[in-house]
Amino acid sequence: MTEKRLFGTNGVRGIAGADMTPALTLSIGLALGSMRTGHIAVGRDTRTSGPALASAVKAGLLATGCDVTDCGILPTPALQYLVKEHFDAGAMITASHNPPEYNGVKVIEPDGTEMGDEETIRLEAKILDEKVPLVTWNATGREYQATHLVREYTDAVVEQFPAGIGDGITVVVDPGCGAACATTPEILTRLGCRVVTINSQMDGTFPGRLPEPSPEGLRPLGELVRSTGAALGIAHDGDADRAVFLDENGTFIEENQEFGLIAGQVCRARKGTVVMPVSTSRLVETIAHQNGCDVRYTPVGSIYVARAMRALEAEGTPVAFGGEGNGGLIYPDHQYCRDGGMTAAMMIAILAREHGTVSDLVAALPMFHLIKEKIRGTDPSAMITTLSAAFAGESIDRTDGIRINREESWALIRPSGTEPLVRVIVESPDKKTAHAFFDEIMKNIGQSSKK
Ligand code: MG
């Protein structure tokens, strides 16, 4: 298969005004408009470069004969939901968690999922190589404005839960001045929660914190959680396909622990397969098994998780849920994409059922020790060949890079999808075993151990 040249695992991204320009998004609009017919939805996050880039995408779509509905500023999962319900494709102008100067485009298929690899390669060929034919004056598309449609998305999330499930629960929401300003506070209020907000005004300069919801950037959120006596702090990345949480003390909940908490909640009610990338902690597998669910591993990337979920359902295998351990969870009853608003609402359902505090719930999870490292300046495929030979007698999984599975430990070594480096993850129930395993891998690839 030809490699993707412009698009990474989550669309095309770059610095606005340098590599991400209206000229590029115009050609994306033209290419998409020539591949898809009908009515295309366009949305964006709060970035300052959004209006210029969205206008150019729309121009390309209209000039190739597609009708366009501009849904305004909304989360990526909200646009995905609207595309699934009403449109023939979508284009979301966002750079997700990247810093304010970045922007990008995610292309959405009619079923609401992000465009897969093969179609993306076709799209890129049209962007880079081909002259796209424009339609004549009487076949040009029409443009509609529909910023009210986002309400359908918040309705859809709220309808997944019993009325008043959040009664008596105080939460603090930090949308980071991004797209969730319009959705998550409303969703949680409608579930019955008392909602306090911070960074909840849309602002593409991101004055409160960067779009990546990092523990450092969420310190003010943590202070507000403590001072309001809230049960939970909730934060999103710039386009709100992810949600991360702070406990009642303002302490950041590690991503696999978040995934584990939600696995406990979902797998209790829904039996089936939990689908997740090979980079996910065994914590989630352990909890899935405890609740009578099994697991299926995919390559790293939410699109692979979503597609594997659909394939399982198509063959008649029930799916419990899926997701990536970075706060991006996918609920099949709602839609097949990562959804931060839905994840936030699911945490409220957990709090409504459990009697303990969030920190109690986290403390009750099985403990694993995780080492994550990056290795630069090596040839990834040579490294993986070496490791395949070195660990040939063990249980090897080649879904993405190489995963070595042992009784209680595992290691994943894979080339990064976004940067020129190799990622190494090692996990064991205890620190000593994890470090010994890590050292063993480093020795085999001729690297000195950094840990
Ligand atoms: Mg995102």
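Residues numbered from 1 in each chain as written. Predicted model: local features only at pLDDT ≥ 70, side-chain atom pairs only at ≥ 80, totals over all residues. Heavy atoms only, no water.

1. Observations regarding the sheet that holds strand β19 (residues 421-428)
Read across the open sheet, the five strands follow the order β15-β19-β18-β17-β16; overall the sheet is antiparallel. Only two strands of the sheet have a single partner each, and these edge strands are β15 (369-376) and β16 (395-397). Mean inter-strand twist for the sheet, computed between neighbouring axes without regard to direction, equals 15 degrees. In the sheet, strand β18 (residues 410-415) pairs with β19 via six bridges, with the strands oriented antiparallel. Residue L412 lies in a different strand from β19, and its bridge partner there is I425. (Pairing = 2+ DSSP bridges. Helix = DSSP H or I, 4+ residues; strand = E, 2+ residues; numbered from the N terminus. Axes fitted to C-alpha atoms, helices over the stretch in contact; angles between N-to-C directions.)

2. Some thoughts on the domain arrangement of the protein chain
One frequently used descriptor of interface size is the decrease in accessible area upon assembly of the parts. Each assigned domain of the protein chain is listed with its residue range as follows: domain 1 (12-150), domain 2 (152-246), domain 3 (255-363) and domain 4 (369-444). When each unit is reduced to the centre of its C-alpha atoms, the spacing between domain 3 and domain 4 is 24 Å. Tallying the contact residues gives 12 residues for domain 3 and 16 residues for domain 4. Between domain 3 and domain 4 lies a buried interface of about 960 Å² when both sides are counted; carbon and sulfur atoms form 48% of it. The largest contributions to the domain 3 side of the interface with domain 4 come from V278, R282 and V300, which together make up 58% of the buried area. Linking domain 3 with domain 4 are seven residue pairs in polar contact (both at pLDDT 80 or more). For the side of domain 3 that touches domain 4, the secondary structure elements donating two or more residues are α8 (255-269), α9 (282-290) and β12 (294-298). Per-class residue counts for the side of domain 3 that touches domain 4 are five nonpolar, five polar and two charged. (Domains from an automatic or database assignment. Contact = heavy atoms within 4.5 Å. Buried area = accessible area lost by both parts, 1.4 Å probe. Polar contact = N/O pair within 3.5 Å; in protein donor to acceptor, adjacent residues only side chain to side chain. Nonpolar A, V, L, I, M, F, W, Y, C, P; charged D, E, K, R; others polar.)

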